Amino acid sequence: MNLDQNTINKLAEHLENCELQAQDTLKITDEYPQMDWDDAYAIQEVIKQRKIARGCRIVGLKAGLTSRAKMQQMGVSMPVFGFLADYFAVPEGDAVKMSELIHPKIEPEIAFVTKSVLKGPGCHIGSVLAATDFVMPALEIIDSRFRDFKFDLKSVIADNCSSSRFVLGGRMRPVEDLDLRTLGVVMEKNGEIVALGAGAAVLGHPAAAIAMLANLLGERGEEIPAGTLILSGGITEAVMVKAGDNVSLRIQELGSVHVRFN
Ligand code: 0L1
Ligand code: MG
């Protein structure tokens, strides 16, 4: 690690305040070019602990930048991982308040819920499927705190991977009789199709994103407990939203989920 604990705490406080006050900021590697991957995850961890200290519950994990479309959109080359706090959850069909966000985008995802512990190293698609209770459609609303989306991967990780809101809906389906790679995905905004894809867009198989996350946590001696909700990453590019927009996602075999913006 290249940053001391005071700097990590200061950056975590700054980024979290930007999130809570819907204020943008410059990417933090501008001021701290020496920041390394461990520093970035350490800043994210302090943000998580600040939320817990204020009484928030951590309700899940997320993988981000797991599809080629998203990597190309953001000009980056590897997935990132973050956490989901309780107030990120928006009930299906409810409205997201634009006044609480900076410049949100929305993306279609497959959410996993585990039924047994996943612990890396050595996790693979098979171990993830065996540990999965069910999958369901999810819309993730990301809201990078970095001005004009000018960031690099380390700054994104520190910023909890742009996590902001998510919506779950549709059907909870066990994975035994599903091929997640070939499930068709259609996202509509105001009745127009804005994104199309299939599960395989996420690293060849959405469970591969969960395996990567388990292996990354395993390197730190951590595991994914049974009953964990995990967003496996955007299947298509993320789409900008504004007040008045209605977005719906349909995933073959898994049903649909909707959200509004006001
Ligand atoms: O969920 C994600 O794919 C994280 C995206 C992070 C970068 C961005 O804000 O687009
Ligand atoms: Mg995402």
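As a reminder, the structure under discussion sits directly above these lines.
Here the structure is a predicted model, which means the values were calculated and not measured.

**Points about the coordination of the magnesium ion (ligand 2)**
At step 1: Those protein atoms acting as donors to the magnesium ion (ligand 2) are Glu 107 (OE), Glu 109 (OE) and Glu 140 (OE), and they sit at 1.9 to 2.0 Å.
At step 2: Since its relative accessible area comes to 0%, Glu 109 is described here as buried.
At step 3: Among the residues examined, Glu 140 registers a relative accessible area of 1% and is labelled buried.

**Quick word on the site of ligand 1**
At step 1: Inspection of the region around ligand 1 gives 13 residues, with Lys 62, Leu 65, Lys 70, Glu 140 and Ser 162 positioned closest.
At step 2: Here an oxygen atom of ligand 1 and a backbone polar atom of Leu 65 are 2.9 Å apart.
At step 3: Between Glu 107 and ligand 1, the recorded distance is 3.1 Å, taken from a side-chain N or O atom to an oxygen atom.
At step 4: The fraction of the free accessible surface of ligand 1 (310 Å²) that becomes covered by protein chains is 99%.
At step 5: Of all elements in the fold, only strand E1 (58-64), helix H3 (68-74) and strand E5 (132-142) reach the threshold of two or more residues within the shell around ligand 1.
At step 6: Partitioned by chemical class, the residues of the shell around ligand 1 number six nonpolar, three polar and four charged.

**Thoughts on the packing of aromatic side chains**
At step 1: Summed over all chains, the structure comprises two aromatic pairs.
At step 2: Here Tyr 87 and Phe 88 contribute two aromatic rings whose centre-to-centre distance is 5.0 Å and whose plane-to-plane angle is 80 degrees, an arrangement assigned as edge-to-face.
At step 3: With centroids separated by 6.5 Å and ring planes inclined at 70 degrees, the aromatic side chains of Phe 146 and Phe 151 adopt a geometry described as edge-to-face. Taken individually, Phe 146 and Phe 151 each receive the classification buried, so the pair is uniform in this respect.
At step 4: Over the ring of Phe 149 we find Lys 105; its NZ or CZ atom is 4.0 Å from the centre of that ring.

**What to know about the pattern of salt bridges**
At step 1: All chains considered together, the criterion is met by 18 salt bridges.
At step 2: A salt bridge links Arg 147 to Asp 24; its shortest N-O distance comes to 3.1 Å. Here Asp 24 lies in the loop between helix H1 (5-21) and helix H2 (37-53) and Arg 147 lies in the loop between E5 and helix H5 (153-158), a separation of 123 residues in the sequence.
At step 3: Arg 147 sits in the partly exposed class, given a relative accessible area of 35%.
At step 4: Of the charged contacts, one joins Glu 188 and Arg 250 as a salt bridge, the two residues approaching to 2.6 Å between their closest N and O atoms. Taken as a pair, Glu 188 in strand E7 (residues 184-189) and Arg 250 in strand E11 (residues 246-251) lie far apart in primary sequence, 62 residues in all.
At step 5: We classify Glu 188 as buried; its relative accessible area is 17%.
At step 6: In this structure, a network of salt bridges that share partners links the residues Glu 16, Glu 19, Arg 50, Lys 51 and Arg 54.

Conventions and cut-offs
- Residues numbered from 1 in each chain as written.
- Chains lettered and ligands numbered in written order.
- Predicted model: local features only at pLDDT ≥ 70, side-chain atom pairs only at ≥ 80, totals over all residues.
- Heavy atoms only, no water.
- Donors = N, O, S within 2.8 Å, 3.2 Å for Na, K, Ca; no water.
- Buried < 20%, exposed > 50% of the residue type's maximum accessible area, 1.4 Å probe, protein only.
- Near = heavy atom within 4 Å.
- Polar contact = N/O pair within 3.5 Å; in protein donor to acceptor, adjacent residues only side chain to side chain.
- Areas by Shrake-Rupley, 256 points an atom, 1.4 Å probe, with all protein chains shown as cover.
- Helix = DSSP H or I, 4+ residues; strand = E, 2+ residues; numbered from the N terminus.
- Nonpolar A, V, L, I, M, F, W, Y, C, P; charged D, E, K, R; others polar.
- Phe/Tyr/Trp six-rings, centres within 6.5 Å; stacked < 30°, edge-to-face > 60°.
- Lys NZ or Arg CZ within 6 Å of the ring centre and 35° of its normal.
- Salt bridge = Lys/Arg side-chain N within 4 Å of Asp/Glu carboxyl O.

Scope: geometric values only; no functional claims are made or implied.
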